[in-house]
Amino acid sequence: MSYCPECGHHNRESARFCARCGASLLESDVGGEPTQAFAAYVEEEGDAEADDLASEGAMLVIRIGGGRAGEQFPITADRMAIGRAPNAELFLDDITVSRDHAVLERRDDGLHLSDAGSLNGTYVNRQRIESVRLADGDEVQIGKYRLTYIERGP
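In this numbering scheme, every chain counts its residues from 1 along its sequence in written order. In view of the model being predicted, local features appear only for residues whose pLDDT reaches at least 70, and side-chain atom pairs are presented and counted only at 80 or more, with totals across whole chains, interfaces and linings using the full set of residues. Calculated side-chain values reflect all of the structure's heavy atoms, with hydrogen atoms and water omitted.

Caption draft 1: Looking closely at the confidence of the model for the chain. Each residue carries a pLDDT score, the predictor's confidence in it, ranging from 0 to 100. Within the chain, residue pLDDT values average 80, and 76% of them lie at 70 or more. Every residue in residues 39-55 scores below 50 in pLDDT, and together they form 7 contacts with partners more than four places removed in sequence or on other chains. In this description, contact between two residues means that some pair of their heavy atoms is separated by no more than 4.5 Å.

Below, the structure is given as structure tokens:
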């Protein structure tokens, strides 16, 4: 049996991911946690693509999981479902993610992430949550996926 480095759960020796929190149980050759760099984008006058990027507001970016690192999910609706269900606005196709795993909801005081009764739980900054208001730079973990919440002001 092996212990999860994130939550301490006792897992089968052959397990690659923690059954409780979805963290990787594989040892890294480099050591430490990988870091993803985001390049700054300088807007040039008349650049339509830059206008679209600036107006997006908030997004979740996959850092680790499913070979999808760097994939971005703009948060454009007042309510967005996250899960393994094909109709989820933020579709994460992995067995460690529940069909209806979590919900993003825009409220008067900001964007809130709530667990939707998932089996493996929803984590923000490595703490299991029921519901929490997200802040810029928060790390969200859903199953084996680790995402970063990025807020862009007006």
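Having seen the model, we can carry on.
Caption draft 2: Broad picture of the pattern of salt bridges. Should a side-chain nitrogen of Lys or Arg be within 4 Å of a carboxyl oxygen of Asp or Glu, the pair is scored as a salt bridge. Per the stated rule, a full pass over the model turns up 6 salt bridges. A salt bridge links Asp78 to Arg106, with the shortest nitrogen-to-oxygen separation between them at 3.7 Å. Within this pair, whereas Asp78 is found in the loop between β4 (72-75) and β5 (79-83), its partner Arg106 is found in strand β7 (residues 102-107), the two being separated by 28 residues in sequence. For the exposure calls, accessible area comes from a 1.4 Å probe over protein chains only, and a residue counts as buried if that area is under 20% of its type's maximum, exposed if over 50%, partly exposed in between. The exposure class of Arg106 is partly exposed, given its relative accessible area of 36%. The partner of Asp94 in a salt bridge is Lys144, and the shortest N-O contact between them spans 3.3 Å. One end of the pair, Asp94, is in the loop between β6 (90-91) and β7; the other, Lys144, is in the loop between β12 (139-142) and β13 (145-151), and 50 residues separate them in sequence. You'll find Asp94 and Lys144 in the same group, each marked buried. Every helix listed is a DSSP run of H or I at least four residues long, and every strand listed is a run of E at least two residues long, numbered separately from the N terminus.

Caption draft 3: A look at the environment of Arg12. Structurally, Arg12 is set in the loop between β2 (10-11) and α1 (48-54). Using a relative accessible area of 57% as the deciding quantity, one classes Arg12 as exposed. Once the C-alpha coordinates of Arg12 and Ser2 are considered, the two residues, 10 residues apart in sequence, prove to be 6.2 Å apart.

Caption draft 4: Quick peek at the sheet that holds β13. A sheet is described by the order of its strands in space; here 6 strands give the open sequence β4-β3-β13-β12-β9-β10, paired in antiparallel fashion. Of all strands in the sheet, those with a lone pairing partner are β4 and β10 (127-129), marking the two edges. Sheet twist, expressed as the average angle between the axes of neighbouring strands with direction ignored, equals 30 degrees. Being paired, for any two strands, means DSSP has found at least two bridges between them. Examined bridge by bridge, strand β3 (residues 58-64) and β4 share 4 bridges and lie antiparallel to one another. Bridged to Met59 within β4 is Pro74. Helix axes use the C-alpha atoms of the stretch in contact, all axes being lines fitted to C-alpha atoms, and the angles between their N-to-C directions lie in the range 0 to 180 degrees.

Caption draft 5: Spatial organisation of the pairing of β13. Most of β13 sits inside the fold, with 6 of its 7 residues counted as buried. Bridge count between β3 and β13: 6 bridges; the pairing is antiparallel. If you follow Ala58 over to β13, its bridge partner there is Glu151. Relative to β13, β12 is paired through 4 bridges, and the arrangement is antiparallel. Within the sheet, the bridge partner assigned to Glu139 lies in β13 and is Thr148. Hairpin connection, β12 to β13: the antiparallel pair is bridged by 2 residues, and Gly143 has positive phi, about 60 degrees.

Caption draft 6: Structural view of the environment of Ala15. For Ala15, the location among the structural elements is in the loop between β2 and α1. Relative accessible area serves as the criterion here: at 14%, Ala15 is assigned to the buried category. Considering only alpha carbons, one finds Ala15 and Leu26, 11 residues apart in sequence, at a separation of 8.7 Å.

Caption draft 7: Spotlight on the sheet that holds β5. Overall, mixed pairing links the 5 strands, which are arranged β6-β5-β7-β8-β11 in an open sheet. The strands lining the two open edges of the sheet, one partner per strand, are β6 and β11 (131-133). As paired elements, β5 and β6 share 2 bridges and run parallel to each other. Residue Ile82 lies in a different strand from β6, and its bridge partner there is Leu90.

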